[in-house]
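Spelled out from the first residue to the last, the chains are:
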Amino acid sequence: MPPRIHYGPRMAKREKPRPHLLVADRDGNIYDHPDLLMLCRRGEEMALPRPDEITPLPPDSEFFMLPGRLAVGFDPETGELEVMEELAVAAFVCPAHTVTGVAAYAEDDDAPALPLLSYAAIGYAEGKFWVCSKKVDEDKRQVFSNIDPERIRAGAHKLMKQFPDNRLVRHLAGCALNYGCPAAKNLALGRFECPLPTARTCNARCVGCISHQPEGSGFPSPQERIAFTPTVEEIVEIMLHHGKREKRAIYSFGQGCEGEPLTNWKLLADATRNFRERGGKGTVNVNTNASLPEAMEPLARAGVNSIRVSLNSARKDPYEAYYRPVSYCFEDVQESIHQAKKHGLFVSLNYLFFPGLNDTEEELKTLHALLEETRLDFIQLRNLNLDPQLALELLGPHFPGPAMGLNNFRKRLRKTHDWLRFGYFNPYLGDPGAGE
Ligand code: SF4
C-alpha cells in the first residue's frame, strides 16, 4: 500500500520555483526565456525575487509589454544580468495584492511615459505565471470574475429607472457601464461598498492623480471628475437604497472620479446626519487627503465613522513632493489624524507602497512614530500607481538605504504596534449608529 501523503505544513513549505524571464516581441507576443531567470527591482536595486516575494498570478490580473523598455534577465550559468532585444513584460496585479518587486528593464531615452498603473515583475515556471506581489486582504469586493456582466448591466439600468431624477445615480451607473469602475459595479449589484463622489475640485496636485492630469504630464488621467455637486437628497437616496440591499454596508465619500471630498465637508456632514436621522445604518467613510483638520469633529458628530488618509510617506518631503499640496501642508494631515482619533473616528492609511522606497529604515522609523503618536487603526497596503522610473526620480532621493522587503516591513510594524490591522479595503465597522 503506497505511503499516505501527509498534507501538513511541511508540504506547504515546498520550494518556490525560480521563474524564467518573460519577454515580448514588437507585436505583443509574450514568451518565456529558456535559460534566463526573472529579476525584480526594489528601488535602484535589481535582484532575483525572494521566495516570499512571489506568488502565482492571481485571477483578474493583467499583464502587458512595456514600450521602449528592454527586458533584463539573470543568467544562472554566468551570474550576469543580460539586457535583451525584446521588450519587458509587467503585471498589474488585481486588488487586494501589494507589489513586492517592480519589473526589471533597461529604458530607452525616448521611452514614452507609462500609464498610471503599478508594474509588478512577472515570470513563468511550472506551467504558470509568477508575480512579485503579496495578498494582503481576503475580502472579495473587487472580484468580478465569477459574476455575469449582464447582472451588472441590468443592475445599473434598474437603478436609473428607479431614480430617474437622481444625477448621482446616472453618474455612477455610467461609471459601471462605461468605465467598469469596481465601486460603481458593486452599487449596481447592491453589495459591499457604495461610492459617493461629490467634489469637483481639489486642494492638492498629486503627480499620479487619476481624475485630473495637467496638459503635458505625459499620461492621461483614467477617470473624469464629476461635473456637478450632488444634493443631500441625491446622496441620501442612494445610501438608503444600498442599505436595504447590503446588510454590512459601507458608504464611501472620496472616489477616483472626483477631487478632494473635504472641500465639500459641510455637504458630507449634512448628508450623513440626514441619513442617520432617517435610520441609516452601516459604516460611513471618507477617503481623503486629510487636508482640513477642522472638518473632523463636525463629520464625527454627523455620524461619519471612519476616514482613510492617502499617504505615500510618513515624512514631509516625500509627501509634499508627490501630493504637491496647494492650500495645506503635511502638518495639517498629521493634525487631521489626531483630530479624527480624538473624536472617535476609525483611521486607516491609504499607504501608497513602492518596493525599495517605503520599505526602508528611515521611513519605517517615522511611520513607527506616527503610529505611536496617533494610534491610528489600519494600514491599507496599496500600490503607488506611477511610472517606476518617474517614481524613482521624484521620490528616490527621499528614501535612502537598502530595502527590507514588504514582508519584513509589515512584520516589524505588526510586532511593535499590536493593535494595528493591515489590509487593502475599507473595513466594515459594524453599526456604531449616529456619531457622538
Ligand atoms: S488628492 Fe485625489 S483628487 Fe486631489 S490631486 Fe490627489 S489624487 Fe487627485
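What you see is a predicted model, and the numbers here were worked out from it, not measured in a lab.

Details of the overall build of the protein
Thinking step 1. Looking only at helices and strands, the protein features 12 helices and 19 strands.
Thinking step 2. Over its C-alpha atoms the protein spans a radius of gyration of 23 Å, differing by no more than 12% from the 22 Å that the globule rule assigns to 436 residues.
Thinking step 3. Reported as C-alpha extents along the three principal axes, the dimensions of the protein are approximately 70 × 60 × 45 Å.
Thinking step 4. Counting the 436 residues in the protein, one finds 56% classified as buried.
Thinking step 5. Partitioning the contacts of the protein with sequence separation of at least 6, the portion at a separation of at least 24 is 77%.
Thinking step 6. Carbon together with sulfur atoms contributes 52% to the accessible area of the protein, which is approximately 19200 Å² in total.
Thinking step 7. Counting 52 positive and 58 negative side-chain charges, the protein places the centres of these two groups 10 Å from one another.

Overview of the layout of surface pockets
Thinking step 1. Its volume calculated, the second largest pocket comes out at about 180 Å³.
Thinking step 2. Together, 17 residues line the second largest pocket, and Cys-94, Pro-95, His-97, Lys-135 and Val-143 are the ones closest to its centre.
Thinking step 3. Residue classes in the lining of the second largest pocket are distributed as 7 nonpolar, 3 polar and 7 charged.

Looking at the domain arrangement of the protein
Thinking step 1. One can read the domain layout of the protein as domain 1 (4-135) and domain 2 (149-423).
Thinking step 2. Between the C-alpha centres of domain 1 and domain 2 the distance comes to 29 Å.
Thinking step 3. Domain 1 puts 27 residues into the contact, and the matching count from domain 2 is 28 residues.
Thinking step 4. Roughly 2000 Å² is buried in total at the junction of domain 1 and domain 2, and carbon and sulfur atoms are behind 57% of that figure.

Considering the nonpolar core
Thinking step 1. Core analysis: the largest hydrophobic core is formed by 85 residues, its most contacted members being Tyr-322, Leu-349, Leu-367, Leu-376, Ile-379 and Leu-413.
Thinking step 2. The residue makeup of this core includes at least three contributed by each of domain 1 (4-135) and domain 2 (149-423).
Thinking step 3. Sequence-distant contacts of Leu-367, that is, excluding residues within four places in its chain, are made with Ala-314, Leu-349, Tyr-351, Ile-379, Phe-409 and Leu-413.
Thinking step 4. Counting residues in hydrophobic clusters, the runner-up holds 12 residues, among them Leu-36, Leu-66, Ala-90 and Leu-114.

A short note on the site of the ligand
Thinking step 1. Taken together, Cys-202, Ala-204, Cys-206, Cys-209, Ser-211, Arg-225, Glu-258, Gly-259 and Asn-289 form the complete shell of residues around the ligand.
Thinking step 2. Grouping the amino acids of the shell around the ligand by side-chain chemistry returns 4 nonpolar, 3 polar and 2 charged.

A few points about helix α9 (residues 330-342)
Thinking step 1. Counted at 1.5 Å a residue, the expected span for α9 with its 13 residues is 18 Å, and the 19 Å between its end C-alpha atoms agrees.
Thinking step 2. Turning to α9, its buried residues are Phe-330, Val-333, Ser-336, Ile-337, Gln-339 and Ala-340.
Thinking step 3. If you follow the buried residues of α9, they end up packed against α7 (296-302), β16 (306-311), α8 (316-323), β17 (346-353) and α10 (361-374).

Remarks on the pattern of salt bridges
Thinking step 1. All told, the structure shown has 19 salt bridges when counted by the stated rule.
Thinking step 2. Taking the shortest distance from any N to any O, the salt bridge between Arg-315 and Glu-363 comes out at 3.0 Å. With Arg-315 in the loop between β16 and α8 and Glu-363 in helix α10, this residue pair connects regions lying 48 residues apart in the sequence. Accessibility classification places Arg-315 together with Glu-363 in one group, the buried group.
Thinking step 3. One network of salt bridges, with partners in common, ties together Arg-42, Glu-45, Arg-50 and Glu-53.

Conventions adopted
Residues numbered from 1 in each chain as written. Predicted model: local features only at pLDDT ≥ 70, side-chain atom pairs only at ≥ 80, totals over all residues. Heavy atoms only, no water. Helix = DSSP H or I, 4+ residues; strand = E, 2+ residues; numbered from the N terminus. Rg over C-alpha atoms; globule rule 2.2 N^0.38 Å. Buried < 20%, exposed > 50% of the residue type's maximum accessible area, 1.4 Å probe, protein only. Contact = heavy atoms within 4.5 Å. Areas by Shrake-Rupley, 256 points an atom, 1.4 Å probe, with all protein chains shown as cover. Lys, Arg positive; Asp, Glu negative; His and termini not counted. Charge placed at Lys NZ, Arg CZ, Asp CG, Glu CD. 1 Å grid on protein atoms, 1.4 Å probe; cavity = no way out; pocket = protein on both sides within 12 Å on 5 of 7 lines; lining within 4 Å. Points joined across faces, edges and corners; volume = space filled by probe spheres on them. Nonpolar A, V, L, I, M, F, W, Y, C, P; charged D, E, K, R; others polar. Domains from an automatic or database assignment. Buried area = accessible area lost by both parts, 1.4 Å probe. Core = buried A, V, L, I, M, F, W, Y, C linked by side-chain atoms within 4.5 Å. Near = heavy atom within 4 Å. Expected span 1.5 Å × (residues − 1). Salt bridge = Lys/Arg side-chain N within 4 Å of Asp/Glu carboxyl O.

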